[in-house]
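# An overview of the molecular structure
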Amino acid sequence: MKAEKFKSPFKGRSLLNWIDWKKEEIQWILDTAFLVKKQSHKGEVHQRFLGKTIALIFEKRSTRTRSSFETAFGEEGGHPVFMSTADIQLGGKESVEDTARVLGRMFSAIEFRGFSQEHVELLAKHSGVPVINGLTDSFHPTQVLADIMTLKEEFGYLKGLTVCFCGDGRNNMARSLMLICAKFGINFSIFAPKELSPDEEIIKICTPFAKESGAVITISDEISVVKGADCLYTDVWVSMGEETLKDERTKLLQPYQVNRELMAATGKSSTIFLHCLPAVKGQEVTEDVFESSASKVFDQAENRKHTIKAIMLALI
């Protein structure tokens, strides 16, 4: 059996975040995601990764990211190899640079899901193969591609939509959403306490992209910021590695919970709810919103697989 040929202008490139990617380039991958989703739903079988291998490095646990990478790569005839911190020496007994040079000689590509953005950048610098950021404390690029795919499916367009992130405005999801929305001309707001506002660095990065696309970025601790939002988005209040802050964070973020009142405050009956999952129902979102018809979280979760397959096809 021969592997199918798939032509991509991005072969050999890494995805560490979306900063250095042009809107048209991201759109190309998004279009590919819609193509592979259609093929999947029709039951088509392809072997575009036949003879290819990918190293999946996971410092942080995962349901959607791991499932997406393993099933998407395996269904295309490739061989994914899962590596947890219990399996390899990354950054411990062996330097990240040395691990990168070893894996680069054995694998077609590397995925990294962990804490340090520096680690994923070192893997890309020293491995000689495409590296995909499956999540770091700074960015979550594969997730937000699935998010805008879900928005496009729901509304039929992206430019001019308004997405409001509610909760911890400093986390990797808020940062990554701000970035990709700025690229696509999607108005982006953050409803967060002042103590958890995004850092100036990410705002500085996103501002010129927003200016070019026409997107408006708004950050506020006032509930009025959600008015007009087409989508309310939230994430867990306590990220991995911050468990000791649970009580403090819960008290601080309670007023920013996505509930029926907050959904109504958008002034739009068409507003949808998104969450990168897993969700702690009763904290960042009430169960009635999570289980409502406005919630598109499981469409969003499925789209992780199709967008990740499209990213791998583009890079590998």
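Note that the structure is a prediction, hence the values are computed from the model and not measured.

Calculation criteria
- Residues numbered from 1 in each chain as written.
- Predicted model: local features only at pLDDT ≥ 70, side-chain atom pairs only at ≥ 80, totals over all residues.
- Heavy atoms only, no water.
- Phe/Tyr/Trp six-rings, centres within 6.5 Å; stacked < 30°, edge-to-face > 60°.
- Helix = DSSP H or I, 4+ residues; strand = E, 2+ residues; numbered from the N terminus.
- Buried < 20%, exposed > 50% of the residue type's maximum accessible area, 1.4 Å probe, protein only.
- Lys NZ or Arg CZ within 6 Å of the ring centre and 35° of its normal.
- Expected span 1.5 Å × (residues − 1).
- Bend = angle between axes of the 7 residues up to and from the residue.
- Contact = heavy atoms within 4.5 Å.
- Polar contact = N/O pair within 3.5 Å; in protein donor to acceptor, adjacent residues only side chain to side chain.

## Side note on the packing of aromatic side chains
The tally for this structure, following the rule as stated, stands at nine aromatic pairs. On the numbers, 4.6 Å between centres and 55° between planes, the contact of Phe191 with Tyr256 is tilted. Note that Phe191 is positioned in strand β6 (residues 187-191) and Tyr256 in the loop between α8 (246-253) and α9 (260-264), a separation of 65 residues in sequence. When its relative accessible area of 8% is taken as the criterion, Tyr256 is described as buried. A network of ring pairs unites the aromatic residues Phe6, Phe10, Trp18, Trp21 and Trp28 as a single cluster. Of note, Arg66 hangs over the ring of Phe82, and the distance from its end group to the ring centre comes to 3.6 Å. The ring of Phe209 has Lys183 lying over it, and the distance from NZ or CZ to the ring centre is 3.8 Å.

## Brief notes about helix α7 (residues 200-213)
Between its first and last C-alpha, α7 extends 20 Å over 14 residues, near the 20 Å set by a 1.5 Å rise per residue. When the local axis directions of α7 are compared, the greatest deviation, roughly 30°, occurs at Cys206, which is followed within four positions by the proline Pro208. Buried within α7 we find Ile202, Ile203, Cys206, Ala210 and Ser213. Buried-residue contacts for α7 involve α6 (172-184) and β7 (217-220). Where α7 begins, the side chain of Asp199 points an oxygen toward the backbone nitrogen of Glu201, at a separation of 3.1 Å. Just downstream of α7, Gly214 is the residue with a positive phi angle, here 90°.

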